[in-house]
Amino acid sequence: MAQTTPNHIQTVSGWAAHDSSGKITPFIFKRRENGINDVTIKILYCGICHTDLHQARNDWGITMYPIVPGHEITGLVMKVGSNVKNFSVGDRVGVGCLAATCLECDFCKESQENYCEDLQFTYNGVFWDGSITYGGYSKMLVADHRYVVRIPENLPMDSAAPLLCAGVTVFTPFRDHDLHKTPGKKIGVVGLGGLGHVAVKFGKAFGHHVTVISTSPSKEEEAKGHLGADDFIVSTDEQQMQRGKRSLDFILNTVSAKHCLGPLLELLKVNGTMVVVGAPDQPFTLPSFPLIFGKRAVKGSVIGGMEETREMMELCGKHNITCDIELTTPDKINQAFERVAKNDVRYRFVIDIASSPAVVVDDDQIYSSL
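None of the values given here were measured: they were computed from a predicted structure. (Residues numbered from 1 in each chain as written. Predicted model: local features only at pLDDT ≥ 70, side-chain atom pairs only at ≥ 80, totals over all residues. Heavy atoms only, no water.)

Peer 1: For this particular structure, what's the right way to read the side chain of Ser 301?
Peer 2: Residue placement: Ser 301 occurs in the loop between strand E15 (297–300) and helix H10 (306–319). In this structure Ser 301 comes out as buried when scored by relative accessible area, which is 14%. In this structure Ser 301 touches Tyr 115, Thr 172, Pro 173, Val 275, Val 276 and Val 277, once residues within four positions along its chain are discounted. (Helix = DSSP H or I, 4+ residues; strand = E, 2+ residues; numbered from the N terminus. Buried < 20%, exposed > 50% of the residue type's maximum accessible area, 1.4 Å probe, protein only. Contact = heavy atoms within 4.5 Å.)

This is the structure we're talking about:
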C-alpha cells in the first residue's frame, strides 16, 4: 500500500485532512494516468456526507492520512480509455462510493458490488494498483468506468451530486421491496435529514402514502408543505404513536442516533418490514415482542450496486428528483463540517469545486487546463 505508484503522474489540487483534528486544508497530490478502463473527470461538484466528517476525524479508527474525502461527485468526462465504450468526452457523469471490487464474486456478478468482500471506496480505500484512493474534494478524478454513471440532462449537477450516496442509499430498499413499481402502499420515513428528505421524494414519486416520523414537531410543516408527505407523527408523542399503530406496510429508518426500534415497529402492519440505513455509533434497542407479535422484520441496507445506481439516476431524471442542498465553496469546508456535526443543514452541503481556482505552487497553476 502506497500513496502513489509509478503511474501516478498527474498533479492535482484538492483539499485534505492530515490528522484527527479533521481540519481540511489545500493539498497537492498525484493521480494515476488514465488507463484503458478509466475515465478522467473534471469535478464540478461534490457533496459533503456525514461519513466525510467521521473519516476526516478518524472517528472509526481506519483513516489513512492524508485523506481527501468526497464520494458524491459530479463532473464532465475529459478523457476515456481505449476499453471504454459507454462514455465520451463531455458526458455528464457521477461517481459514488465505489472505486474497485473483485469483479468475480457472486455479488459482483449480480450487480451487488457494494457487498463484495474486496470492495474499495472512492476515498480512504486501496485501489487495484496498491495506491490509496483520494476522493472528490479535488479538481479532477480518474475513475474506472464500471463505477461511473450518467447524470440525466435535466438534472442540475449540484443538487444531483448527493444522489450518488444519499440517493442510492434510500432508493435501494425501495427497489428491494418493489416499491418503485407497486404504488399504493403506506410507508414511513423515520428522520427528516439528508437521507430522509430524499426518501420522501421517492415515496411520493412512486405513488405511495408517506408518513414522516420525527422527534421534532417543528419539521411537520416542512415534511408536508415542502416535501409533500401525507402524514406526520411525532415519535415522542404517545397518543400520535398509538393512533399510528399497525398502519404502515414499510418503514425506512434513516436515523443515525441511538434509539429504540420497538415503538417504531408497532407502527408496522403484521408482516411489515423496517429497513435500517442509519448507522448509530451505539447499538439499537430491539425488544422482541414487537417482532414476534407482529411477524415483523428488521433489515439493514448500505448504498447500492451499480445497476441500482444507474436505475435510480434514470428514475430521478424521469421524476425530476434531486436533493435539497446548500452550496458552499472549498474554503468553507471546515465551517460546513461544523454545521454537519450539529445537523444544521437543509439537507446536504455541496461543494462548488469548479468555482475555486487551482492551487498555485511555485508560481505555476496546476491543472489549469481543466
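Peer 1: Would you mind going over the pattern of salt bridges with me for this structure?
Peer 2: As a working rule, side chains carrying opposite charge can pair if their charged atoms are close by. A complete count under the given rule lists 18 salt bridges for this structure. Residue Asp 249 is joined to Lys 269 by a salt bridge in which the shortest nitrogen-to-oxygen separation is 3.2 Å. Linking Asp 249 in strand E13 (residues 248–253) with Lys 269 in strand E14 (residues 268–276), this pair joins segments that are 20 residues apart in sequence. Residue Asp 249 is classed as partly exposed on the basis of its relative accessible area of 25%. Here Arg 339 and Glu 326 are joined by a salt bridge, their closest N and O atoms 3.0 Å apart. Of this pair, Arg 339 sits in helix H11 (residues 333–341) while Glu 326 sits in strand E16 (residues 325–328), and the two are 13 residues apart along the sequence. Each of the salt bridges in this network shares a partner with another, and the network as a whole consists of Arg 175, Glu 307, Glu 308 and Glu 311. (Salt bridge = Lys/Arg side-chain N within 4 Å of Asp/Glu carboxyl O.)

Peer 1: What's the story with H10 in this structure? I'm lost.
Peer 2: Between its first and last C-alpha atoms H10 spans 20 Å; for 14 residues at 1.5 Å apiece the expected length is 20 Å, and the two agree. Buried within H10 are the following residues: Met 306, Glu 308, Thr 309, Met 312, Met 313, Leu 315, Cys 316 and Gly 317. The first or second residue beyond H10 is Asn 320, which carries a positive phi of 55°. (Expected span 1.5 Å × (residues − 1).)

Peer 1: Looking at this structure, how should I read the sheet that holds E13?
Peer 2: As a general point, the strands of a sheet are linked pairwise by backbone hydrogen bonds and lie either parallel or antiparallel. Spatially, six strands are ordered E12-E11-E10-E13-E14-E15 in an open sheet, and the strand pairing comes out parallel. Edge strands, defined here as strands with exactly one partner in the open sheet, are strand E12 (231–234) and E15. The mean inter-strand angle of the sheet, taken between neighbouring strand axes irrespective of direction, is 20°. In this sheet, E14 lies alongside E13 in parallel orientation, the contact comprising five bridges. Looking at the pairing, Phe 250 lines up with Thr 273 of E14. The strands touched by helix H4 (residues 166–176) are strand E10 (186–190), E13 and E14; relative to E13, the strand with the most contacts, the crossing angle is about 155°. (Pairing = 2+ DSSP bridges. Axes fitted to C-alpha atoms, helices over the stretch in contact; angles between N-to-C directions.)

Peer 1: I keep staring at the packing of aromatic side chains and nothing clicks. Help me out?
Peer 2: Two numbers describe a pair of aromatic rings. These are the distance of the centres and the angle of the planes. As enumerated under the stated definition, the model contains 14 aromatic pairs in all. Seen from their ring centres, Phe 174 and Phe 250 are 6.0 Å apart, and the 55° between their planes marks the pair as tilted. Taken together, the positions of Phe 174 in helix H4 and Phe 250 in strand E13 put the pair 76 residues apart, joining distant regions of the chain. Phe 250 shares its class with Phe 174; the two are buried. (Phe/Tyr/Trp six-rings, centres within 6.5 Å; stacked < 30°, edge-to-face > 60°.)

Peer 1: Looking at this model, I keep getting lost on the side chain of Thr 254. Mind explaining?
Peer 2: Topologically, Thr 254 is positioned in the loop between E13 and helix H8 (262–265). Given a relative accessible area of 9%, Thr 254 falls into the buried group. A polar contact is formed between the side chain of Thr 254 and the backbone oxygen of Val 190, at a distance of 2.6 Å. What Thr 254 contacts, discounting residues up to four positions off in sequence, is Val 190, Gly 191, Leu 195, Gly 196, Val 277 and Gly 278. (Polar contact = N/O pair within 3.5 Å; in protein donor to acceptor, adjacent residues only side chain to side chain.)

Peer 1: What is the right way to read the nonpolar core from this model?
Peer 2: When a protein is soluble and globular, its nonpolar side chains tend to lie buried together. Of all hydrophobic cores here, the largest spans 53 residues; its most connected members are Leu 163, Phe 174, Val 200, Phe 202, Leu 252 and Met 312. With sequence-adjacent residues up to four places away left out, Val 200 is seen in contact with Val 189, Leu 192, Val 210, Val 212, Leu 227 and Ala 229. Judged by nonpolar contacts, the second largest core, of 38 residues, contains Ile 67, Val 95, Met 140 and Ile 351. (Core = buried A, V, L, I, M, F, W, Y, C linked by side-chain atoms within 4.5 Å.)

Peer 1: Even after reading the chapter, I still don't get the packing of H4 against helix H5 (residues 196–205), so can you show me in this structure?
Peer 2: The axes of two packed helices give the description: the angle between them and the distance between them. Remark: H4 packs on H5, axes separated minimally by 9 Å, with the N-to-C direction vectors making an angle of 40°. Comparing their axes, H5 and H4 come out oblique. As H4 packs across H5, the resulting crossing turns out to be right-handed. Between H4 and H5, the contacting residues are Gly 167, Val 170, Phe 171 and Phe 174 on the first element and Val 198, Ala 199, Phe 202 and Gly 203 on the second. (Parallel < 35°, antiparallel > 145°, perpendicular 65-115°, else oblique. Left-handed = near helix turned anticlockwise from the far one by under 90°.)

Peer 1: Explanation requested: H4 in the structure shown.
Peer 2: For an α-helix the count is 3.6 residues per turn, leaving residues at separations of three or four pointing the same way. Of all 11 residues in H4, nine are buried, a share of seventy percent or more. Listed as buried for H4 are Ala 166, Gly 167, Val 168, Thr 169, Val 170, Phe 171, Thr 172, Pro 173 and Phe 174. Of the surrounding secondary structure, the elements contacted by the buried residues of H4 are E10, H5, E13, E14, H10 and strand E17 (348–352). With its phi angle positive at about 60°, Asp 178 sits one or two positions after the end of H4.

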